[in-house]
Amino acid sequence: NAGVTQTPKFRVLKTGQSMTLLCAQDMNHEYMYWYRQDPGMGLRLIHYSVGEGTTAKGEVPDGYNVSRLKKQNFLLGLESAAPSQTSVYFCASSSGLGKDEQFFGPGTRLTVL
Amino acid sequence: GQSLEQPSEVTAVEGAIVQINCTYQTSGFYGLSWYQQHDGGAPTFLSYNALDGLEETGRFSSFLSRSDSYGYLLLQELQMKDSASYFCAVRSDNQGGKLIFGQGTELSVKP
């Protein structure tokens, strides 16, 4: 089992460019999440999904869009990147049962110039 | 608003015991979790408390008091590899398993 994988691992964008971050999980989890983590801070939820075809806003959704067309994949899009979106992005998944355990991917380090 | 408070830094020596506290103010409460994150790495799940009391998993234990909106993570027999950031997280509603994370406590273990 690969667990949760993210692509790409690193990316540098110019202001105004767009990109899509891909998250994939092979644990058949219903729930998936996108977080951002800024230096010295905790994780802030951007968007989440409770199942294929569903998405919902988290704490900091502005400037991002998401899609969950397949159960195993959760895509995060930046339509017009801004320097304030420079961050480390983590994807996570969970079964939604029991202990609130979320499984995290290795992260994508994004710099917007 | 919803907030979780935990110390920003803690230092301890190898072999010692350290306690990392977490207080929370959230609109609802369904459980308190703890996650570990080594520098630059992915957070990994450590423990979960939904009910008052102590949960033990090896060298790590976690405690919850819902009446005090307070919990802690206890690390025993500290090892150098325990140097990491530790985050408490609360599930404040029953929709989608969403977690609210604290800002993290950086633990430094000295020889």
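None of these values were measured; they are calculated from a predicted model.

Conventions we followed
Residues numbered from 1 in each chain as written. Chains lettered and ligands numbered in written order. Predicted model: local features only at pLDDT ≥ 70, side-chain atom pairs only at ≥ 80, totals over all residues. Heavy atoms only, no water. Helix = DSSP H or I, 4+ residues; strand = E, 2+ residues; numbered from the N terminus. Rg over C-alpha atoms; globule rule 2.2 N^0.38 Å. Buried < 20%, exposed > 50% of the residue type's maximum accessible area, 1.4 Å probe, protein only. Contact = heavy atoms within 4.5 Å. Areas by Shrake-Rupley, 256 points an atom, 1.4 Å probe, with all protein chains shown as cover. Lys, Arg positive; Asp, Glu negative; His and termini not counted. Charge placed at Lys NZ, Arg CZ, Asp CG, Glu CD. Buried area = accessible area lost by both parts, 1.4 Å probe. Salt bridge = Lys/Arg side-chain N within 4 Å of Asp/Glu carboxyl O. Polar contact = N/O pair within 3.5 Å; in protein donor to acceptor, adjacent residues only side chain to side chain. Pairing = 2+ DSSP bridges. Axes fitted to C-alpha atoms, helices over the stretch in contact; angles between N-to-C directions. Phe/Tyr/Trp six-rings, centres within 6.5 Å; stacked < 30°, edge-to-face > 60°. Disulfide = S-S within 2.5 Å.

Novice: In this structure, what is going on with the overall build of chain B? I would like to understand it.
Specialist: Helix and strand counts for chain B stand at 0 helices and 11 strands. In chain B, the succession of α and β elements from N to C terminus is β-β-β-β-β-β-β-β-β-β-β. Over its C-alpha trace chain B gives a radius of gyration of 13 Å, about what one expects of a compact globule, namely 13 Å for 111 residues. Each of the three principal axes of chain B carries a C-alpha extent, and together these read 40 × 30 × 20 Å. With 111 residues in all, chain B has 48% of them scored as buried. Long-range contacts, defined here as pairs at least 24 residues apart, represent 55% of the contacts in chain B between residues at least 6 apart. When the accessible surface of chain B is totalled, it reaches about 5300 Å², and 44% of it is carbon and sulfur. Each charge sign in chain B was given a centre, from 6 positive and 12 negative side chains, and these centres are 6 Å apart.

Novice: Looking at this model, I keep getting lost on the interface of chain B and chain A. Mind explaining?
Specialist: Much of the literature gives interface size as the accessible area that the parts lose upon coming together. Each side of the interface is counted separately: chain B has 19 residues, and chain A has 21 residues. Between chain B and chain A, a total of about 1700 Å² is buried, with carbon and sulfur atoms accounting for 56% of that surface. For chain B, the biggest contributors to the area lost against chain A are Phe45, Gly96 and Phe101 of chain B; these three give 27% of the whole. At the junction of chain B with chain A, the criterion picks out 1 salt bridge.

Novice: Hey, could you run me through the side chain of Asp38 of chain A in this one?
Specialist: Residues and elements named next belong to chain A. With respect to the element layout, Asp38 can be found in the loop between β4 (31-37) and β5 (43-49). A polar contact of 2.9 Å, which involves the side chain of Asp38, links it to the side chain of Ser87. Beyond its immediate sequence surroundings of up to four residues, Asp38 is in contact with Arg44, Thr86 and Ser87.

Novice: Honestly, unusual backbone geometry in this entry has me stumped. Any pointers?
Specialist: All names here are of chain A. For the bond running from Thr7 to Pro8, omega is -5°, close enough to zero to count as cis. Within the secondary structure, Pro8 is located in the loop between β1 (4-7) and β2 (10-13). The phi angle at Asn28 is positive, at roughly 60°, despite the residue not being glycine.

Novice: Explain the sheet that holds strand β8 (residues 73-78) of chain A to me, please; I cannot follow it from the model alone.
Specialist: Two orientations exist for strands paired in a sheet by backbone hydrogen bonds: parallel and antiparallel. All names here are of chain A. The antiparallel open sheet is built from 4 strands, whose spatial order is β1-β3-β8-β7. Each edge of the open sheet is held by one strand with a lone partner, namely β1 and β7 (64-67). Strand-to-strand twist of the sheet, defined as the mean angle between neighbouring strand axes without regard to direction, takes the value 20°. As paired strands, β7 and β8 are joined by 4 bridges and run antiparallel to one another. Following the sheet pairing, Tyr64 is matched in β8 by Leu78.

Novice: What am I meant to see in the packing of aromatic side chains here?
Specialist: To describe a pair of aromatic rings, you give the distance between the ring centres and the angle between the ring planes. Applying the stated criterion to the full structure yields 13 aromatic pairs over all chains. Taken together, a centroid distance of 5.6 Å and an interplanar angle of 35° make the contact between Tyr35 of chain A and Phe104 of chain A tilted. Of this pair, Tyr35 of chain A sits in strand β4 while Phe104 of chain A sits in strand β10 (residues 103-104), and the two are 69 residues apart along the sequence. Judged by its relative accessible area of 0%, Tyr35 of chain A is buried. Members of the aromatic cluster, connected to one another through ring pairs, are Tyr33, Tyr35, Phe90 and Phe104 of chain A together with Tyr35, Phe45 and Phe101 of chain B.

Novice: In this structure, what is going on with the state of the cysteines? I would like to understand it.
Specialist: Between two cysteines, a covalent bond joining their sulfur atoms is known as a disulfide. Overall, the coordinates contain 2 disulfides over all chains when judged by the stated rule. At a sulfur-sulfur separation of 1.9 Å, the disulfide partner of Cys23 of chain A is Cys91 of chain A. What sets the handedness of the Cys23 of chain A and Cys91 of chain A disulfide is the S-S torsion sign, and at about -75° it is left-handed. Here the residue Cys23 of chain A occupies a position in strand β3 (residues 19-25), and Cys91 of chain A occupies one in strand β9 (residues 87-94), the gap between them amounting to 68 residues. Cys23 of chain A sits in the buried class, given a relative accessible area of 0%. Cys22 of chain B shares a disulfide with Cys88 of chain B; S-S distance 2.1 Å. Judged by the torsion about the S-S bond (75°), the Cys22 of chain B/Cys88 of chain B disulfide is right-handed. Of this pair, Cys22 of chain B sits in strand β3 (residues 18-25) while Cys88 of chain B is found in strand β9 (residues 84-91), placing the two residues 66 residues apart along the sequence. The burial state of Cys22 of chain B is the same as that of Cys88 of chain B; both residues are buried.

Novice: How should I be thinking about the sheet that holds β3 of chain B in this particular structure?
Specialist: Residue and element names in this part refer to chain B. Here 5 strands make up an open sheet; going across it, the order is β1-β3-β8-β7-β6 and the pairing antiparallel. Strands at the two margins of the open sheet, each flanked by one partner only, are β1 (3-5) and β6 (53-57). Taken pair by pair, the neighbouring strands of this sheet meet at an average axis angle of 20°, ignoring direction. Pairing analysis gives 5 bridges linking β6 to strand β7 (residues 60-65), with the strands arranged antiparallel. Residue pairing for β7: Gly53 is matched across the bridge by Leu64.

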